[in-house]
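The residues making up each chain are set out below.
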Amino acid sequence: SEQKSNVRRILLKISGEALSGDTGFGIDPKVLSQTAKAIRDVQKKGVQTVLVIGGGNIFRGAALQKAGFDRVSGDQMGMLATIMNGLAMREELKAQGGKCVLMSAYGIPSITAQYSATEGRDLLNQGYSLIVAGGTGSPFFTTDTAAVLRAIELQCSEVLKATKVDGIYTADPVKDKNATKFDALTFDEVISKQLEVMDLTAFALAREHHMPIRVFSMSKPGAFDKAAIGDAEGTVVSD
Ligand code: UDP
């Protein structure tokens, strides 16, 4: 079940918010279709793809906690939201002719299989794309942390974190027109420059296990294609 040599395996992390398009809530079929097409295109080039989707377009545990709601139940609702997004994405990938399996941190009989790293690697080698939903399965974590964790377990070459911005900048490029983009950074540089890439738990896990994180924009034409095959695109954070 090891990764075949010369085969590139990547993990794409997209936020739930991205799936909602301009509405900010729910799932925009247009975004769903564009994202699936982008994944199909890189799959056709022989890149093995794992997808982790957030749930922020439907539910975030921390938001209700502020109103006094139990965080554990709230986070469970958030994790269920990622499964709903995963179901939608699987159907779209299949509709576009892709072979795809949805796995979740915890199984839900008749809805999704329980995540397994060894089965996941086998499926990837058999040409399936993998959607890994349910986050880490534990409250108080994020889907960014789940993305790094799954990338390590599934022996991916890197985590591709899709954001609105096409990389990591010296300052917020929306607010500061003098902001410049980094092509590459080390984990230590991200810390010393106090740049934000992922939450600290996700970042620490990536740093400890030498898992590169590439920040790029999914909406920039051709960017995902390049990032997926490892061409210069976005900002790569590595050792
Ligand atoms: N969540 C969780 N544990 C995890 C991953 C996610 O409890 O390992 C919950 C948490 O409530 C979170 C929600 O699921 O707010 C949606 O995930 P996230 O906020 O990471 O989604 P994104 O911001 O990427 O859309």
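**Student:** Got a minute to help me understand the overall build of the chain in this structure?
**Tutor:** What the chain contains, in helices and strands, is nine helices and nine strands. Scaling as 2.2 N^0.38, a compact globule of 239 residues should have a C-alpha radius of gyration of about 18 Å, and the chain matches this with 17 Å. For the chain, the spread of C-alpha atoms along the principal axes amounts to about 50 × 50 × 35 Å. Contacts in the chain between residues at least 24 apart in sequence constitute 71% of all its contacts with a sequence separation of at least 6. With the model as given, the accessible surface of the chain reaches about 11,400 Å², and the carbon-plus-sulfur share is 53%. The positive charge centre, built from 27 side chains, and the negative charge centre, built from 27, are 4 Å apart in the chain.

**Student:** Mind showing me how you'd approach the site of the ligand here?
**Tutor:** Lining the immediate surroundings of the ligand are 21 residues, of which Gly16, Asp75, Thr136, Ser138 and Thr143 lie closest. Gly16 places a polar main-chain atom, nitrogen or oxygen, 2.8 Å from an oxygen atom of the ligand. In this structure, Thr136 approaches the ligand through a side-chain N or O atom, which is 2.6 Å from an oxygen atom. The fraction of the free accessible surface of the ligand (520 Å²) that becomes covered by protein chains is 92%. Taken together, the elements giving at least two residues each to the shell around the ligand come down to α1 (16-19) and α4 (71-95). With three residues, α4 is the single largest residue contributor to the shell around the ligand. The class makeup of the residues in the shell around the ligand is five nonpolar, 12 polar and four charged.

**Student:** Explanation requested: the packing of helix α6 (residues 143-153) against helix α8 (residues 200-208) in the structure shown.
**Tutor:** In a packed pair of helices, the relevant descriptors are the angle between the two axes and the axis-to-axis distance. For the pair α6 and α8, the least separation of the axes is 8 Å and the interaxial angle reads 20 degrees. By the angle class used here, α6 and α8 are roughly parallel. As for how α6 packs across α8, the hand of that crossing is left-handed. Contacts between α6 and α8 pair Asp144, Thr145, Val148, Leu149 and Ile152 from the former with Thr201, Ala202, Leu205 and Ala206 from the latter. The residue inventory of the contact of α6 with α8, partitioned by class, reads six nonpolar, two polar and one charged.

**Student:** Where do I start with the packing of aromatic side chains in this structure?
**Tutor:** Two aromatic rings are characterised by how far apart their centres lie and by the angle between their planes. The tally for this structure, following the rule as stated, stands at two aromatic pairs. Measuring from ring centre to ring centre gives 5.6 Å for Phe187 and Phe203, while their planes differ by 70 degrees; the resulting arrangement is edge-to-face. One end of the pair, Phe187, is in helix α7 (residues 187-192); the other, Phe203, is in helix α8, and 16 residues separate them in sequence. Here Phe187 and Phe203 have matching classes, each one buried. With a centroid separation of 5.9 Å and 25 degrees between ring planes, the pair formed by Phe216 and Phe224 is classed as stacked. The class of Phe216 is buried, set by a relative accessible area of 0%. With relative accessibility at 4%, the residue Phe224 sits in the buried group. Its guanidinium or amino end placed over the ring of Tyr128, Lys99 lies 4.5 Å from that ring's centre, counting from NZ or CZ. Between Arg150 and the ring centre of Tyr115, over which it is positioned, the NZ or CZ distance is 3.8 Å.

**Student:** Explanation requested: the sheet that holds strand β4 (residues 113-114) in the structure shown.
**Tutor:** Sheet strands pair by backbone hydrogen bonding; their relative direction is either parallel or antiparallel. In space, the nine strands of this open sheet follow the order β4-β3-β5-β2-β1-β6-β8-β9-β7, with mixed pairing throughout. In the strand order of this sheet, the two ends are held by β4 and β7 (184-186), each with one partner. Bridge count between strand β2 (residues 48-53) and strand β5 (residues 129-133): two bridges; the pairing is parallel. Directly across from Leu51, in β5, lies its bridge partner Ile131. The strands that α4 touches are β1 (9-14), β2, β3 (100-104) and β5; relative to β3, the one it contacts most, it runs at about 170 degrees. Sheet contacts for α6: β1, β2, β5 and β6 (158-163); angle to β1, the most-contacted strand, approximately 175 degrees.

**Student:** What is the right way to read the nonpolar core from this model?
**Tutor:** If you look at the biggest cluster of nonpolar residues, it comprises 31 residues, and the most contacted ones within it are Leu11, Val50, Leu154, Val159, Ile168, Val197 and Val237. Breaking this core down by element, the ones donating at least two residues are β2, α5 (117-125), β5, α6, α7, α8 and β8 (213-217). Among residues more than four places away in sequence, those in contact with Val50 are Ile10, Leu11, Leu12, Leu124, Leu130, Val132, Leu154 and Cys156. Membership of the second largest hydrophobic core comes to 28 residues, among which are Ala88, Met89, Leu93 and Ile131.

Thresholds applied
- Residues numbered from 1 in each chain as written.
- Predicted model: local features only at pLDDT ≥ 70, side-chain atom pairs only at ≥ 80, totals over all residues.
- Heavy atoms only, no water.
- Helix = DSSP H or I, 4+ residues; strand = E, 2+ residues; numbered from the N terminus.
- Rg over C-alpha atoms; globule rule 2.2 N^0.38 Å.
- Contact = heavy atoms within 4.5 Å.
- Areas by Shrake-Rupley, 256 points an atom, 1.4 Å probe, with all protein chains shown as cover.
- Lys, Arg positive; Asp, Glu negative; His and termini not counted.
- Charge placed at Lys NZ, Arg CZ, Asp CG, Glu CD.
- Near = heavy atom within 4 Å.
- Polar contact = N/O pair within 3.5 Å; in protein donor to acceptor, adjacent residues only side chain to side chain.
- Nonpolar A, V, L, I, M, F, W, Y, C, P; charged D, E, K, R; others polar.
- Axes fitted to C-alpha atoms, helices over the stretch in contact; angles between N-to-C directions.
- Parallel < 35°, antiparallel > 145°, perpendicular 65-115°, else oblique.
- Left-handed = near helix turned anticlockwise from the far one by under 90°.
- Phe/Tyr/Trp six-rings, centres within 6.5 Å; stacked < 30°, edge-to-face > 60°.
- Buried < 20%, exposed > 50% of the residue type's maximum accessible area, 1.4 Å probe, protein only.
- Lys NZ or Arg CZ within 6 Å of the ring centre and 35° of its normal.
- Pairing = 2+ DSSP bridges.
- Core = buried A, V, L, I, M, F, W, Y, C linked by side-chain atoms within 4.5 Å.

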